[in-house]
Amino acid sequence: MNPAQYKHFAVVDYVIFALLLAASVAIGLYYALSGGRQRTTQEFLMADRSMHCLPVSLSLIASFQSAVAIIGVPAEIYAHGTQYWFIGCAYILGLLIPAHVFIPVLYRLHLTSAYQYLELRFSKTVRICGTLTFIFQMVVYMGVCVYTPAFALNAVTGFELWGAVLATGLVCMLYTTIGGLKAVIWTDVFQTVVMFAGQLAVIVVGVQRTGGVSEVWRKVLEGNRISGVDLNPDPTERHTFWTLGVGGVFLMLSLYGVNQAQVQRYLSARTERQAVRSCYMVFPSLQLALALSCIMGLVMFARYCGEDRSEQLGSSSTDAMVLYFVMDMLQDLPGLPGLFVACLFSAALSTISSAFNSLATVTMEDLIKPHFPSMSESRATLVSKALAMSYGLICLAMAYLTHLMGDSVLQVALKIFGVVGGPILGLFCLGMFFPCANSTGAVAGLGAGLGVAFWIGVGSIVTRSSGSEPLPPSCRVILASDNTTAFSNITSRASGLKRFYLLSYMWYSGFSCFTVIITGLIISFLTGPMKEEDVTPGTIYPLSEKLFCFLPEGMRKKLCCVTPQRPPFSAQSAPPPHKERNGLSFPQHKPSQEETDEFLPLEYETSV
Ligand SMILES: O=C(O)CCCC[C@@H]1SC[C@@H]2NC(=O)N[C@@H]21
Ligand code: NA
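Residues numbered from 1 in each chain as written. Chains lettered and ligands numbered in written order. Predicted model: local features only at pLDDT ≥ 70, side-chain atom pairs only at ≥ 80, totals over all residues. Heavy atoms only, no water.

- The name an unreviewed UniProt entry assigns to the protein chain is Sodium-dependent multivitamin transporter, from the organism Nothobranchius furzeri.
- The UniProt entry for the protein chain carries this comment under Sequence similarities (unreviewed entry): "Belongs to the sodium:solute symporter (SSF) (TC 2.A.21) family."
- Here the protein chain is described in UniProt, under the heading Subunit (unreviewed entry), as follows: "Interacts with PDZD11." (UniProt positions renumbered as here; feature names shortened; annotations may be inferred.)

This is how it looks when you write it as structure tokens:
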């Protein structure tokens, strides 16, 4: 875009953006100077496990609602129609399963890092593999989250790209390092409100500028942008009800079930019931966030129908076009462009701060503490703060790498979750649902899952770049058919392996998850399946019990090869002493009176 056409900010816009950064730092400072003043890792990393479900639920949304969703989803709707909206169907199971399967198991083990589960259930090696995989996933994802808002802003307003990246990274490092998880959660709450406000402002002004709701609706229908339910079973079809509604469930489970950033929030809740409730409360807010970004895409479509702005923009990226649309709408309403920029950076900051804090937690808990068991609390807290800061620097470096990725940011983010998050989900499912799985099987399974996922991921980039260039955004009705035509002739031409590469990226999570489970079970049986008495109590979810709960007791016992063990503690009995395993002691949690009352008894039976 030539500088002459840059949309410029009024002073008040910069003031609003600066206020957002200042408010975030202020919250960080407040938690640095209040409470326990962040002197223990329990407070710095786990918020003293004292959080109420409301801030936890808003923080759960903010963690994986970054500028990628704020910009990438409207761009997706603008270019391809509302098929993506069906990912909302995946939120039902994608949140119910974490609430009733993953949270009960992980909460009762009283963990700090989700990957401690892997050591309790399997071995230290499996835990380290899980931790390193998570670190890789979040570092790459952080890079995309820092880069996206700065890139979009620079494309439209000439806003200094690396200045914005630096400002975001530094402010985030500051309040995360001084304020710990409490500051990260409460800034997430504040930033989520700013996110919704910014998107709402663009929608209200956009509809009003495009001639009202009926006019927008008419243009959207005319432009064939409301997609019906596409039940096409072809797995290489990018977005269908199946890839989004079913494939999306695995994506959600990898994020809201086993990702450390979310698990840490569940564990910071004061009781298990509060944690489960926070998971339920995510559902309406996530649906609202999805609706806002989809509607924004529709309004943008109605506004630019028939015109193609890629030449003014200097890039055919629909992502940048979203910012162009926003500035076009809000340009002469001083303060609103600043509000939207604040919304964009709130989305980025809330995700990056969650990433910093969770990365620091797992690095401290899984990679450092086991080697320095006698490390003092104050030193451990200091090292945790240093870790949060160093991850900030790594993130800035990763932002530069994102610069080279090129794909639409939404696709890049979802591919990262699929390729790396899917195998981690598979590892936890293998552990929780298959008592016979052993450590060798777990490591082999994770390796196979990551290998297959990377293979498809890289293969798809190679295939697509040789096959099709991204279609320029346009309102022509035939765009949809163009897209299908262009795409279908690639698919039809593709042979077996190439067709494999064309698998929709929405299936990566599910595909790699099953690869881990199947490989893990095969290797476990080949190397001698685990015996029931060797499985640590409380690390198995009685899946078979639950699935066959309609069967009579006797038949169920026969059918379910393993009856799950008593959880590490129960409301009645006094908690057993420290659980020793592999020479490491995991404090078995002494339930508080409130927690005892709130204990959600799963039907556990002692093994006969
Ligand atoms: O916004 C991002 O940073 C990542 C893109 C969205 C990630 C997934 S998609 C399903 C779920 N819904 C969200 O709003 N985020 C996650
Ligand atoms: Na966010």
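1. A look at the overall build of the protein chain
Then, number 1: From N to C terminus, the protein chain includes 25 helices and two strands.
Then, number 2: Across the 608 residues of the protein chain, 60% fall into the buried class.
Then, number 3: The long-range fraction of contacts in the protein chain, counting pairs at least 24 apart against all pairs at least 6 apart in sequence, stands at 86%. (Helix = DSSP H or I, 4+ residues; strand = E, 2+ residues; numbered from the N terminus. Buried < 20%, exposed > 50% of the residue type's maximum accessible area, 1.4 Å probe, protein only. Contact = heavy atoms within 4.5 Å.)

2. Focus: the coordination of the sodium ion (ligand 2)
Then, number 1: Only Ala-62 (O), Gln-65 (O), Ala-347 (O), Ser-350 (OG), Thr-351 (N) and Thr-351 (OG1) from the protein reach the sodium ion (ligand 2) as donors, at distances of 2.2 to 3.1 Å.
Then, number 2: For the sodium ion (ligand 2), the six donor atoms are set out with angles of 61 to 165° between them, so the coordination reads as irregular.
Then, number 3: Counting along the primary sequence, the residues that act as donors to the sodium ion (ligand 2) give the motif A-x2-Q-x281-A-x2-S-T. Taken as a pair, Ala-62 in helix α3 (residues 53–63) and Thr-351 in helix α16 (residues 336–368) lie far apart in primary sequence, 289 residues in all. (Donors = N, O, S within 2.8 Å, 3.2 Å for Na, K, Ca; no water. Tetrahedral: all angles 85-135°; square planar, octahedral: opposite > 155°, others 65-115°.)

3. Overview of a nonpolar patch on the surface
Then, number 1: Residues Ile-92, Leu-93, Leu-96 and Tyr-280 make up a contiguous nonpolar surface patch of about 360 Å² in total accessible area.
Then, number 2: A per-element tally of the nonpolar patch places helix α5 (residues 87–108) first, with three residues.
Then, number 3: Locating Tyr-280 in the fold gives a position in helix α13 (residues 272–304). (Patch = residues over 30% accessible without salt bridge, like charges linked within 9 Å, V, L, I, M, F, W, Y side chains within 5 Å. Areas by Shrake-Rupley, 256 points an atom, 1.4 Å probe, with all protein chains shown as cover. Salt bridge = Lys/Arg side-chain N within 4 Å of Asp/Glu carboxyl O.)

4. Side note on the site of ligand 1
Then, number 1: In the vicinity of ligand 1, 15 residues are found, and the nearest of them are Phe-64, Gln-65, Ser-66, Tyr-91 and Tyr-141.
Then, number 2: Protein burial of ligand 1: of its 390 Å² of free accessible surface, 99% is covered by the chains.
Then, number 3: Broken down by secondary-structure element, the contributors of at least two residues to the shell around ligand 1 are α4 (67–80), α11 (247–256) and α18 (409–433).
Then, number 4: Its residues assigned to classes, the shell around ligand 1 shows 13 nonpolar, two polar and no charged. (Near = heavy atom within 4 Å. Nonpolar A, V, L, I, M, F, W, Y, C, P; charged D, E, K, R; others polar.)

5. Brief notes about the packing of aromatic side chains
Then, number 1: Under the criterion given, the structure shown has 21 aromatic pairs.
Then, number 2: Seen from their ring centres, Trp-455 and Phe-500 are 5.1 Å apart, and the 55° between their planes marks the pair as tilted. In this pair, Trp-455 is assigned in helix α19 (residues 439–467) and Phe-500 in helix α21 (residues 496–501), connecting sequence segments 45 residues apart.
Then, number 3: Note on Trp-455: relative accessible area 42%, which makes it partly exposed.
Then, number 4: Overall, the relative accessible area of 23% leaves Phe-500 in the partly exposed class.
Then, number 5: Centre to centre, the rings of Trp-455 and Tyr-501 are 6.4 Å apart; their planes meet at 85°, and the pair counts as edge-to-face. You can see Trp-455 sitting in helix α19 and its partner Tyr-501 sitting in helix α21, a full 46 residues away along the chain. (Phe/Tyr/Trp six-rings, centres within 6.5 Å; stacked < 30°, edge-to-face > 60°.)

6. Structural notes on unusual backbone geometry
Then, number 1: The phi torsion at Arg-37 lies on the positive side, around 55°, for a residue other than glycine.
Then, number 2: You can see Arg-37 is positioned in the loop between α1 (11–33) and α2 (41–46).
Then, number 3: Given the relative accessible area of 39%, Arg-37 is considered partly exposed.

7. A short note on the pattern of salt bridges
Then, number 1: What the rule picks out here adds up to 13 salt bridges.
Then, number 2: Lys-182 is the salt-bridge partner of Asp-48, the closest N and O atoms lying 3.3 Å from each other. Taken together, the positions of Asp-48 in the loop between α2 and α3 and Lys-182 in helix α8 (residues 161–209) put the pair 134 residues apart, joining distant regions of the chain.
Then, number 3: The class for Asp-48 is partly exposed, based on a relative accessible area of 37%.

8. Remarks on the environment of Gln-274
Then, number 1: Structurally, Gln-274 is set in helix α13.
Then, number 2: Placed 124 residues apart in sequence, Gln-274 and Ala-150 show a C-alpha to C-alpha distance of 36 Å.
Then, number 3: At 2.9 Å, the side chain of Gln-274 and the backbone nitrogen of Cys-53 are in polar contact. (Polar contact = N/O pair within 3.5 Å; in protein donor to acceptor, adjacent residues only side chain to side chain.)

9. Points about the confidence of the model for the protein chain
Interpretation of the predicted coordinates at a detailed level should be avoided for regions scoring low in pLDDT.
Then, number 1: Of the residues in the protein chain, 82% have a pLDDT of 70 or more, and the chain-wide mean is 83.
Then, number 2: This model gives residues 467–488 a pLDDT under 50, and the stretch forms 33 contacts once residues within four places in sequence are excluded.
Then, number 3: Long-range and interchain partners of residues 596–608, a stretch whose pLDDT sits below 50, account for 39 contacts in this model, where long-range means more than four residues apart.
Then, number 4: If you check the scores for this complex, the pTM reads 0.85 and the ipTM reads 0.96. (pLDDT = per-residue confidence, 0-100.)

10. A short note on helix α15 (residues 318–330)
Then, number 1: The end-to-end C-alpha separation of α15 is 18 Å, in line with the 18 Å expected for 13 residues at 1.5 Å each.
Then, number 2: Burial of α15 is extensive: 13 of the 13 residues sit out of reach of the surface. (Expected span 1.5 Å × (residues − 1).)

11. Remarks on the environment of Thr-240
Then, number 1: Note that Thr-240 resides in the loop between α9 (213–222) and α10 (241–245).
Then, number 2: The class of Thr-240 is buried, set by a relative accessible area of 1%.
Then, number 3: Leave out the neighbours within four places in its chain, and Thr-240 touches Gln-83, Asp-230, Asn-232 and Gly-245.

12. Observations concerning the side chain of Arg-121
Then, number 1: Inspection of the secondary structure puts Arg-121 in helix α6 (residues 116–121).
Then, number 2: Although buried, Arg-121 forms no salt bridge, and the nearest oppositely charged side chain, Asp-534, lies 9.4 Å from it.
Then, number 3: At 2.7 Å, the side chain of Arg-121 forms a polar contact with the backbone oxygen of Phe-434.
Then, number 4: Here the side chain of Arg-121 touches Pro-435 through a polar contact of 3.1 Å, landing on its backbone oxygen. (Lys, Arg positive; Asp, Glu negative; His and termini not counted.)

13. So, helix α17 (residues 377–402)
Then, number 1: End to end, α17 covers 37 Å across 26 residues, agreeing with the expected 38 Å (1.5 Å per residue, within 8%).
Then, number 2: Regarding α17, the residues found buried are Ala-380, Thr-381, Ser-384, Leu-387, Ala-388, Tyr-391, Gly-392, Cys-395, Leu-396, Met-398, Ala-399 and Thr-402.

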